[in-house]
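Descriptive structure summary
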Amino acid sequence: MIYACEDCSFLFYRAREVKECPSCEKNHIRPATGHEIEKLRKTIAAKQYILDEAQRAQRDGSPVSRKGVW
């Protein structure tokens, strides 16, 4: 399940129910909304793209492109 922290807005996934935020350690957490879930999916996809580019560059010996990264 995907959760959101009411205090620090941290979004995170856990297979089991959690009692506190892993970022700020406060207990004001709730299930994430549809909008928050989509935001987390986009963040994960962007980070995966960066990792894929870095691995490709390392494999090919070419520099990593910064286009679209920031």
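You'll find the structure just up there.
Here's what I pulled together on the structure shown here. (Residues numbered from 1 in each chain as written. Predicted model: local features only at pLDDT ≥ 70, side-chain atom pairs only at ≥ 80, totals over all residues. Heavy atoms only, no water.)

1. What about the packing of aromatic side chains?
Evaluated as defined, the whole model comprises two aromatic pairs. Between Tyr 3 and Phe 12 the ring centres are 5.6 Å apart and the planes differ by 25 degrees, which places this aromatic pair in the stacked class. Centroid distance Phe 10 to Phe 12: 5.7 Å. Interplanar angle 20 degrees. Geometry classified as stacked. By relative accessible area, Phe 12 is classed as buried at 4%. One aromatic cluster in this structure is built from Tyr 3, Phe 10 and Phe 12. (Phe/Tyr/Trp six-rings, centres within 6.5 Å; stacked < 30°, edge-to-face > 60°. Buried < 20%, exposed > 50% of the residue type's maximum accessible area, 1.4 Å probe, protein only.)

2. Re the sheet that holds strand S2 (residues 11-13)
Across the sheet, three strands lie side by side as S2-S1-S3; this open sheet has antiparallel pairing. Where the open sheet ends on each side, the last strands, each with one partner, are S2 and strand S3 (29-31). Taken pair by pair, the neighbouring strands of this sheet meet at an average axis angle of 35 degrees, ignoring direction. In this sheet, S3 lies alongside strand S1 (residues 2-5) in antiparallel orientation, the contact comprising three bridges. Paired with Ala 4 across the two strands is Arg 30, which belongs to S3. The sheet strands contacting helix H1 (residues 34-60) are S1, S2 and S3, and the helix crosses S2 at an angle near 80 degrees. (Pairing = 2+ DSSP bridges. Helix = DSSP H or I, 4+ residues; strand = E, 2+ residues; numbered from the N terminus. Axes fitted to C-alpha atoms, helices over the stretch in contact; angles between N-to-C directions. Contact = heavy atoms within 4.5 Å.)

3. What to know about the nonpolar core
One recurring pattern in soluble globular proteins: nonpolar side chains tend to sit buried together. Judged by nonpolar contacts, Tyr 3, Cys 5, Phe 12, Val 18, Cys 21 and Ile 29 together constitute the single largest core of six residues. Other than its neighbours up to four places away in sequence, Val 18 contacts Tyr 3, Phe 12 and Ile 29. Judged by nonpolar contacts, the second largest core, of five residues, contains Ile 2, Ala 4, Leu 11 and Leu 40. (Core = buried A, V, L, I, M, F, W, Y, C linked by side-chain atoms within 4.5 Å.)

4. Concerning the state of the cysteines
Using the criterion set out here, one finds zero disulfides in the structure. No disulfide involves Cys 8; its sulfur sits 3.7 Å from the nearest other cysteine sulfur, which is in Cys 21. Look at Cys 21 and you get buried, because its relative accessible area is 1%. (Disulfide = S-S within 2.5 Å.)

5. Remarks on the pairing of S1
Of the two faces of S1, both are covered, the one formed by Ile 2 and Ala 4 as well as the one formed by Tyr 3 and Cys 5. Both S1 and S2 contribute to a ladder of three bridges, which runs antiparallel. Residue Ile 2 lies in a different strand from S2, and its bridge partner there is Tyr 13.

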